[in-house]
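# Understanding the architecture of this molecule
The residues making up each chain are set out below.
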Amino acid sequence: MPSLIPQIGSPGLKSRMILFSASAAFSLVLVEALGQLSYRALKGHWLIDSKHTFYVNCVIPVPDSRQYTLRPGYSDRSMAINALGFRGPIPSPGGDRRLLGILGDSVPFGADVADEQAYPAVLSRRLDPAGSCWTVLNAGVPSYNLAQSFERLRAEVLTKFKPDLVVIQAFNDIALLAYYKDQWTPRLTWADMRWKPLWRLRHIEPILKALRDNSSFFYYLSEFARKSHAGRVDDVSDYDFRSEELIEHVDALLADQTASLHSMGIPVVLVANNPFYYQTAHRDKNPRLPLWGRYDKSHFATGRILERFNDALKRAALRHPVVFYFDPRPVMDRLDRSRLFLDFVHLSPEGNEVMADALQRYLLENGLIPKDCRNRTAVQPPRRETPGRLS
C-alpha cells in the first residue's frame with residue numbers, strides 16, 4: 001500500500017515548500033512595506049534617506065588596548081576615511097602650516113553628518129581665512145572613550161605627524177558605565193557590543209549593513225529593545241555603582257597623559273562633555289528638554305556623573321600650564337539645543353558650526369592659535385590660576 005506521506009523529492013512536497021516559501025516571502029515584504037510607510041508617516045522622510053551613527057564596517061581590529069580603529073581607505077555615501085586612517089582629506093602640515101589634532105569619539109568624528117560638516121572640518125575652514133595657517137586633523141573614532149583617544153594619539157597621530165596642538169572630547173566612559181553598571185571596569189570598550197561579532201562575518205558585511213540601515217523591521221526592533229531597556233531603569237542610583245572608580249580612573253589617566261604631552265611641549269584642550277540634556281542655563285531656549293525624562297530616565301544619574309567627569313577635566317587643566325578646559329555649554333545654552341543636536345549627544349550640521357566657532361574663539365582668546373605663521377616655536381601660554389572657560 002503506497003504511503004500517504006509525501007516523500008522527499010516528490011512533486012507534492014515540492015509544491016508545498018514552494019507555496020510556503022512564497023507565502024513567507026510575501027508576508028515579509030508586506031510587513032516591510034507597512035513599516036516603511038509607517039516610518040515615512042512618522043518622520044516625514046523614507047528610512048533609506050536616514051543616516052545612522054555606527055558603521056561597523058568602517059573599523060578594523062588592532063592588537064592594542066583600543067581593540068579597534070578606523071579602516072584606512074573606507075568610504076560610503078556619508079564618509080571617507082583616508083589612506084592613513086583619518087576622516088577627511090590627509091592634512092598637509094609643514095612650512096608655515098601648523099597642525100591641530102582633534103581626537104575623541106563620534107562627536108568630533110561627526111556621526112550622522114557629512115565629512116565637511118563635522119566640526120574639525122568646519123574649524124579647518126574657519127582657520128585658513130583668518131590667516132592662521134593651521135590645518136586640522138579629524139582623528140575621532142566612533143565609540144572611543146578617553147583612554148582609547150589618548151592611545152590613538154600615541155599610536156596613530158604622533159607616529160605620523162607632529163601636532164602643535166591637541167583637542168580631545170570623549171563621552172563613552174560615562175556611556176560604558178551606564179550600560180555595564182556594576183560590571184564596568186576601566187578597560188572596557190564597546191568592541192564586544194558593537195564590533196566584534198561582525199568582524200567574523202566580514203564576507204556578508206554589505207548585506208548586514210544594508211539591512212541595518214534600510215530595513216524598517218530592524219529599525220523598529222532596535223527601537224523596541226532600546227525603549228524596553230530604558231523602561232527598566234526604575235532606580236537611577238543603579239548608575240552610581242562604579243562612579244567613584246570611574247572618576248579615580250579618569251584622574252589618574254589625565255595626570256599621566258597630560259604630563260606626557262607637557263613634556264613634549266604639546267598643549268592640549270580638554271573639551272567638556274555636552275549632551276543634549278546637559279543644560280543648566282537658559283532652559284527656556286530648549287522646548288524639548290522637559291520631554292527628555294520620559295524618553296530616558298537614566299540621564300538624571302548620568303548627568304551627575306557627567307558633572308564629576310567634567311570636574312576631572314578641569315582639575316587636569318589646573319595641574320599643567322599647557323592643559324586647557326573648554327566648556328561649550330555657555331554658548332549652546334543661549335540657543336535652541338533642539339536645532340543643534342541630532343539626538344541626545346550628536347551634533348547637527350548647525351550644531352557643528354556653532355561648536356567650531358566657539359572652539360575657534362576659545363583658542364584665539366587663550367593664545368593657542370597665534371595668527372603669525374612665521375612663529376614656529378611651540379605654544380607656551382602662561383600658567384592660569386583657573387582653567388579657561390567660555391562665559
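Data block above holds the structure.
Turning our eyes to something else, we now look at the pairing of strand E7 (residues 323–326). Along any regular strand the residues' side chains alternate between the sheet's two faces. Across the two faces of E7 the burial is the same, with Val323 and Tyr325 and Phe324 and Phe326 all buried. Sheet topology places strand E6 (residues 268–271) next to E7; 4 bridges connect them, and they run parallel. Within the sheet, the bridge partner assigned to valine 271 lies in E7 and is phenylalanine 326.

Our focus in this paragraph is the packing of aromatic side chains. Scanning the model with the defined rule gives 6 aromatic pairs in all. Residues phenylalanine 326 and tyrosine 362 carry aromatic rings whose centres are separated by 5.2 Å and whose planes lie at 45 degrees to one another, so their mutual orientation is tilted. Placement of phenylalanine 326 in strand E7 and of tyrosine 362 in helix H14 (residues 349–365) is noted, with a sequence separation of 36 residues between them. Exposure class is identical for phenylalanine 326 and tyrosine 362. Each is buried.

All right, on to the sheet that holds strand E5 (residues 165–169) then. Read from one edge to the other, the open sheet built from 5 strands follows the order E4-E3-E5-E6-E7, with strand pairing classed as parallel. At either end of the open sheet lies a strand with only one pairing partner, and these are strand E4 (134–140) and E7. Neighbour to neighbour, the strand axes of the sheet diverge by 20 degrees on average, direction disregarded. The strands touched by helix H4 (residues 146–157) are strand E3 (98–104), E4, E5 and E6; relative to E3, the strand with the most contacts, the crossing angle is about 145 degrees.

Here we take up a nonpolar patch on the surface. Taken together, the side chains of Phe26, Leu30, Leu34 and Leu37 define a hydrophobic patch exposed on the protein surface, amounting to about 430 Å² of accessible area. One can find leucine 30 in helix H1 (residues 11–43).

Right, let's get into the packing of helix H3 (residues 119–127) against H14. As a packed pair, H3 and H14 sit with axes 8 Å apart at the nearest point and diverge in direction by 50 degrees. Considering the angle they form, H3 stands oblique to H14. Considering the relative orientation of H3 and H14, their crossing is right-handed. Taken together, the residues of H14 that come into contact with H3 (itself represented by Tyr119, Val122, Leu123, Arg125, Arg126 and Leu127) are Asn352, Glu353, Met355, Ala356, Asp357, Leu359 and Gln360. Residue classes in the contact of H3 with H14 are distributed as 7 nonpolar, 2 polar and 4 charged.

Right, let's get into the pairing of E5. In terms of burial, E5 is a largely internal element, 5 of the 5 residues being buried. Taking every second residue as pointing to the same face, both faces of E5 are buried, with Leu165, Val167 and Gln169 on one and Val166 and Ile168 on the other. Summarising the sheet, E3 and E5 pair through 5 bridges and their orientation is parallel. Considered in E5, the bridge of glycine 104 is made with glutamine 169. By the bridge criterion, 3 bridges tie E5 to E6 in an arrangement that is parallel. Bridging across to E6, valine 167 finds its partner in valine 269.

Turning to the pattern of salt bridges, a few remarks are in order. Counted by the stated rule, this structure contains 13 salt bridges. A salt bridge links arginine 308 to glutamate 244; its shortest N-O distance comes to 3.2 Å. Here the residue arginine 308 occupies a position in helix H11 (residues 299–319), and glutamate 244 occupies one in helix H9 (residues 243–263), the gap between them amounting to 64 residues. A salt bridge links arginine 329 to aspartate 327; the shortest N-O distance between them is 3.2 Å. For the pair formed by arginine 329 and aspartate 327, the shared burial category is buried. Each of Asp64, Arg66, Arg152 and Glu156 takes part in salt bridges that share partners, so that together they form one network.

Criteria and thresholds
Residues numbered from 1 in each chain as written. Predicted model: local features only at pLDDT ≥ 70, side-chain atom pairs only at ≥ 80, totals over all residues. Heavy atoms only, no water. Buried < 20%, exposed > 50% of the residue type's maximum accessible area, 1.4 Å probe, protein only. Helix = DSSP H or I, 4+ residues; strand = E, 2+ residues; numbered from the N terminus. Pairing = 2+ DSSP bridges. Phe/Tyr/Trp six-rings, centres within 6.5 Å; stacked < 30°, edge-to-face > 60°. Axes fitted to C-alpha atoms, helices over the stretch in contact; angles between N-to-C directions. Contact = heavy atoms within 4.5 Å. Patch = residues over 30% accessible without salt bridge, like charges linked within 9 Å, V, L, I, M, F, W, Y side chains within 5 Å. Areas by Shrake-Rupley, 256 points an atom, 1.4 Å probe, with all protein chains shown as cover. Salt bridge = Lys/Arg side-chain N within 4 Å of Asp/Glu carboxyl O. Parallel < 35°, antiparallel > 145°, perpendicular 65-115°, else oblique. Left-handed = near helix turned anticlockwise from the far one by under 90°. Nonpolar A, V, L, I, M, F, W, Y, C, P; charged D, E, K, R; others polar.

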